[in-house]
Amino acid sequence: MSERSAGSSFKLDRLDLGILKVLQRDNKTPQRTIAEIVNLSAPAVQRRIKRMEEAGVIHANVALIDPAKVDHSITLFVEVEMESERAEVYDAAKRSFAATPEVQQCYYVTGEADFILVIVVRAMSDYEALTRKLFFGNNNVKRFRTFVSMERVKVGMTVPLE
């Protein structure tokens, strides 16, 4: 049986991967249905899900909301370049970006930019106000470059588990 490591001592087997595939598509799938799909009992599925939650493999059960349906139809991608390469500057930026509700995702990256942000706002005026707070008001931000999404072609958070 093939196993994958999900941390220092936690191993995922093919049954765990099968459960995760189902949960990634719809985490409201009844455990008895998952049990039928992966050929286990419902209590065994429940134990495996609990174990994966405790190990941090499953770290959240959330509802994915269409931003346009709640009047947040503008998605922006922002490259941020920091002024200094000091660890405390990067750590402060990470904290600031993580604490900002409009920042949906934040990645610390290699290349010309130091961070890539995915931001969702109601209107461009909201983004303009956010730039004043996050970028213009921060002496450690050297420059930022914004890309405005014209269409959501694919959005997902599933991890390929082949």
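Fair warning: this is a prediction, and the values are worked out from it, not measured in the lab.

Next up on the list: the pattern of salt bridges. All chains considered together, the criterion is met by 10 salt bridges. With a shortest N-O distance of 3.2 Å, Arg-145 and Glu-79 are connected by a salt bridge. Here the residue Arg-145 occupies a position in strand S6 (residues 141-148), and Glu-79 occupies one in strand S3 (residues 74-82), the gap between them amounting to 66 residues. Its relative accessible area of 48% is what places Arg-145 among the partly exposed residues. A salt bridge links Arg-86 to Glu-88, with the shortest nitrogen-to-oxygen separation between them at 2.6 Å.

The next subject is the layout of surface pockets. Counted as a void, the largest pocket has a volume near 1600 Å³. If you list the elements that add at least two residues to the lining of the largest pocket, you get helix H1 (14-25), S3, strand S4 (103-108) and strand S5 (115-121). Element by element, the count of residues in the lining of the largest pocket is highest for H1, at 4 residues. Looking at the lining of the largest pocket residue by residue, the classes come out as 22 nonpolar, 11 polar and 8 charged.

Spatially, the 4 strands line up as an open sheet ordered S4-S5-S3-S6, and their pairing is antiparallel. Bordering the open sheet on either side are S4 and S6, each of which pairs with just one other strand. Within the sheet, the average angular offset between the axes of one strand and its neighbour, ignoring direction, is 20°. In this structure, S4 lies alongside S5, joined through 5 bridges in antiparallel fashion. Pairing of Val-103 across the sheet is with Ile-119, part of S5. Strands in contact with helix H4 (residues 87-98) are S3, S4 and S5; relative to S5, the strand with the most contacts, it is inclined by about 20°. Strands in contact with helix H5 (residues 124-136) are S3, S4, S5 and S6; relative to S6, the strand with the most contacts, it is inclined by about 160°.

Parameters and conventions
- Residues numbered from 1 in each chain as written.
- Predicted model: local features only at pLDDT ≥ 70, side-chain atom pairs only at ≥ 80, totals over all residues.
- Heavy atoms only, no water.
- Salt bridge = Lys/Arg side-chain N within 4 Å of Asp/Glu carboxyl O.
- Helix = DSSP H or I, 4+ residues; strand = E, 2+ residues; numbered from the N terminus.
- Buried < 20%, exposed > 50% of the residue type's maximum accessible area, 1.4 Å probe, protein only.
- 1 Å grid on protein atoms, 1.4 Å probe; cavity = no way out; pocket = protein on both sides within 12 Å on 5 of 7 lines; lining within 4 Å.
- Points joined across faces, edges and corners; volume = space filled by probe spheres on them.
- Nonpolar A, V, L, I, M, F, W, Y, C, P; charged D, E, K, R; others polar.
- Pairing = 2+ DSSP bridges.
- Axes fitted to C-alpha atoms, helices over the stretch in contact; angles between N-to-C directions.
- Contact = heavy atoms within 4.5 Å.

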